[in-house]
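# Remarks on the overall topology
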Amino acid sequence: MANSGEIRSGANTFLQPGSQCTKWYDEAVRYIPAGTSKANLYMRPHPLYIRSGHGCWATDLEGVVRLDGLNAFTALIHGHAFPPIVAAVTAQLARGTNFAFSTPEELELAKLLVERVPGMERVRFFNSGTEAVMMAIKAARAFTGRDRIAKMEGAYHGYYDDVQVSFHSGPPDWGPDDAPHSLPSSGGIPKHRALETLVLPWNDPEATERLITRHKSDLAAVVVDPLANRMGLIPPAPGYLKHLRDVTRGYGILVIFDEVITFRLGYSGGQGRYGGDPDLTALGKIIGGGFPVGAVGGRAEVMAVFDPGSKGPRVLSGGTFSGNPVSLTAGLAAMTALDRATFTRLDDMGRRLRDRLNLVFKASGHSGQVTGEGSLFRIMMIERPLRNYRDTLAPAAADRSARLFVALLDGGVIVNGNGLGCLSTPMGEGELTRIEGAVEQALNRISRD
């Protein structure tokens, strides 16, 4: 395990000509576009390459050790090489990595999830969060007999065409505040597919109700991330999710929660914290213990569409690696270790870190704030109050965030390029102090640059 002496200012040696990362990148671009499949963390002149991780520390190809405050985009709630996961997976590897039939681990993890989440009566496993959202939408369409879906402006739900819409739109194309335009957020999405998705303004109950009512006969479901990263980790306003639930239930429209990230907010996930009573929930990340996984859970009546023997509409689904015992063994070990006391500890650490970082911003003179709940935090280079996605955009904020990201790397702390970070169970007071000091130094540095 690393100690504070191994982390030094000026540690971004991976960016220097002749570094191991530079050599690796020069070779990798001959075979991989941009030299990495992790293009969402691409940086110039080349990305960072990691050799290993242990606990809450990650070591790059130069041997520099950093505190990992991103944890594989929030997936590693126990950090790297968590001993119970390593032991469970090692034993499973000796028994076999995959089979054409089900294994006991599928039942065990399904039972754990159903017991923890009210309203989740049945669960089916897939391979990623993107796939889980995709299958939840298909299930909603099959159950309701309707085709369209709605989502919130600024919320990201993976790489499925129907939801890769309006999560990084901006003026002048994004339309009125109370009726956002449906804009593709990637190349390769047919224009008509983007237009089929209704986009709603987060935390605006009147506009949300009006838009849903206007399209009530066509909507199968509304997809909701209760604390969306791309939207700045802005929580639902009091009463917003209940109002959404009341409106949709009156029109026979399902509510799908995307809890791929927010399931780390508590013992029963984001819905345990905020309510919302979803019909279906898409899961991923922490339920795989660091291995690829996805799941859809929800009301038995709706989940019956996956049952080949059910009388209702059938949704054909499956996959060679769906429900594989390695991912589910790792997930079971990870989730078993997440008892209520552990979540209480993570909540307390997260609250204290956000409070301390907000004090750092006030003392620095920089415009900014730290949002989030539970073990999630996001460093926002914007000072004004945040209610929805549009409040998070400012012309200079993206540039300041990019500079802060590099400065934090140089100071020995890893977060996402947009300021997203998360805590892991190996962290303690020393790691909170490390993050606090790195942010303070990074803000001072970008003031000088």
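Presented here is a report on the structure given in the accompanying data block.

### Looking at the packing of helix H7 (residues 205-214) against helix H8 (residues 240-250)
- Close contact between H7 and H8 brings their axes to 10 Å; oriented N to C, the two are set at 15 degrees. Taken together, the axis directions place H7 and H8 in an arrangement best described as roughly parallel. Between H7 and H8 the crossing geometry is right-handed. Where H7 approaches H8, its residues Pro-205, Thr-208, Glu-209 and Ile-212 are matched on the opposing element by Tyr-240, His-243, Leu-244, Val-247 and Thr-248.

### Some words on the pairing of strand E12 (residues 376-380)
- Across the five residues that make up E12, a large majority, five, are buried.
- Alternating residues of E12 divide into Leu-376, Arg-378 and Met-380 and Phe-377 and Ile-379, and every residue in both groups is buried.
- The pairing of strand E11 (residues 369-371) with E12 spans three bridges and is classified as antiparallel. In the strand pairing of E12, Val-370 is matched with Ile-379.
- Hairpin connection of E11 to E12: four residues between the antiparallel strands, including Gly-372 at a positive phi of 125 degrees.
- Of the pairings in the sheet, the one linking E12 to strand E14 (residues 420-422) comprises three bridges and is antiparallel in character. Looking at the pairing, Phe-377 lines up with Gly-421 of E14.

### Observations concerning helix H13 (residues 397-410)
- Taking 1.5 Å per residue as the helical rise, H13 with its 14 residues ought to reach 20 Å, and the 20 Å between its terminal C-alpha atoms agrees with that figure.
- Restricting attention to buried positions, one finds in H13 the residues Ala-397, Ser-401, Leu-404, Phe-405, Ala-407, Leu-408, Leu-409 and Asp-410.

So, how was this worked out
Residues numbered from 1 in each chain as written. Predicted model: local features only at pLDDT ≥ 70, side-chain atom pairs only at ≥ 80, totals over all residues. Heavy atoms only, no water. Axes fitted to C-alpha atoms, helices over the stretch in contact; angles between N-to-C directions. Helix = DSSP H or I, 4+ residues; strand = E, 2+ residues; numbered from the N terminus. Parallel < 35°, antiparallel > 145°, perpendicular 65-115°, else oblique. Left-handed = near helix turned anticlockwise from the far one by under 90°. Contact = heavy atoms within 4.5 Å. Buried < 20%, exposed > 50% of the residue type's maximum accessible area, 1.4 Å probe, protein only. Pairing = 2+ DSSP bridges. Expected span 1.5 Å × (residues − 1).

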